[in-house]
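Structure assessment
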Amino acid sequence: MIQPVDDDTALEEVLGFLATPPEAGSADDARFGARLRQVIAASIPADEDDDSEDEPRLKLDADLRGRLDALARRRSENHPFGDHPDGIGPTLGMDLAAKGQRRDP
């Protein structure tokens, strides 16, 4: 089990892992994935009509946020349901067909 940390510590760890990426499948790789999800969740920009309580806990510049989003998407490419830690199943309307295999009815 990966120990929880505050958002600032998670950001520091993610930046450290970006400098020296962990070996795929290692315990550090799993920790990197968890910290990456935490940082992205903590930096989701608020909508204009959201309460002030919904402001992001981490302020990231657009370039870094885009790079982290792209990295998270690449890391979850092989998982049909994303890289969700609880392994949630399909939801109504999900396209479970392999990419390029979709057939029209």
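Residues numbered from 1 in each chain as written. Predicted model: local features only at pLDDT ≥ 70, side-chain atom pairs only at ≥ 80, totals over all residues. Heavy atoms only, no water.

A look at the side chain of Glu13
Its place among the elements puts Glu13 in helix H1 (residues 7–19). There is a polar contact of 3.1 Å between the side chain of Glu13 and the side chain of Arg31. Apart from residues no more than four positions distant in its own chain, Glu13 is found in contact with Val5, Arg31 and Arg35. (Helix = DSSP H or I, 4+ residues; strand = E, 2+ residues; numbered from the N terminus. Polar contact = N/O pair within 3.5 Å; in protein donor to acceptor, adjacent residues only side chain to side chain. Contact = heavy atoms within 4.5 Å.)

Re the confidence of the model for the protein
Mean pLDDT over the protein: 79, with 67% of residues reaching 70 or higher. Mean pLDDT across the secondary structure elements of the protein bottoms out at helix H3 (residues 62–75), with 89, and peaks at H1, with 94. (pLDDT = per-residue confidence, 0-100.)

Topic: the packing of H1 against H3
The contact between H1 and H3 brings their axes to 13 Å, and the two run at 70 degrees. In terms of orientation, H1 and H3 fall into the roughly perpendicular class. Where H1 approaches H3, its residues Val14, Leu15 and Leu18 are matched on the opposing element by Leu64, Arg67, Leu68 and Leu71. (Axes fitted to C-alpha atoms, helices over the stretch in contact; angles between N-to-C directions. Parallel < 35°, antiparallel > 145°, perpendicular 65-115°, else oblique.)

A short note on the side chain of Asp29
Following the sequence through the fold, Asp29 ends up in helix H2 (residues 27–42). Taking the relative accessible area as the measure of exposure, Asp29 reaches 14% and is therefore buried. Of the polar contacts made by the side chain of Asp29, one reaches the backbone nitrogen of Gly25; its length is 3.2 Å. Not counting residues within four places of it along the chain, the set of residues in contact with Asp29 comprises Pro22, Glu23, Ala24 and Arg75. (Buried < 20%, exposed > 50% of the residue type's maximum accessible area, 1.4 Å probe, protein only.)

Notes on H1
Counting along an α-helix, one turn takes 3.6 residues, and residues three or four places apart therefore face a common direction. If you check H1, its first and last C-alpha atoms are 19 Å apart, about what 13 residues at 1.5 Å a residue would give, namely 18 Å. Listed as buried for H1 are Asp7, Ala10, Leu11, Glu13, Val14 and Phe17. Here the buried residues of H1 occupy an arc of 165 degrees about the axis, which is enough to place them on one side. Opposite the packed face of H1, turned more than 90 degrees from it, sit the exposed residues Glu12 and Ala19. The N-cap of H1, judged by a side-chain oxygen 3.2 Å from the amide nitrogen of Asp8 a few residues on, is Asp6. (Expected span 1.5 Å × (residues − 1). Arc of directions from axis to C-beta.)

Focus on the environment of Leu11
Checked against the element boundaries, Leu11 lands in helix H1. Residue classification places Leu11 among the buried residues on the basis of a relative accessible area of 16%. In contact with Leu11, not counting residues within four places along its chain, are Val39, Leu58 and Leu60.

Things to note about the pattern of salt bridges
Counted according to the given criterion, the structure contains six salt bridges. One salt bridge connects Asp28 with Arg31, and the closest N-O pair in it is separated by 3.5 Å. Separated by three residues within a single helix, Asp28 and Arg31 lie in helix H2, roughly one turn from each other. For Arg31, a relative accessible area of 30% corresponds to the partly exposed category. For Asp29, the salt bridge identified is with Arg75, shortest N-O distance 2.9 Å. On the criterion of sequence distance, the pair formed by Asp29 in helix H2 and Arg75 in helix H3 is long-range, its members being 46 residues apart. Each of Glu13, Asp28, Arg31 and Arg35 takes part in a single network of salt bridges with overlapping partners. (Salt bridge = Lys/Arg side-chain N within 4 Å of Asp/Glu carboxyl O.)

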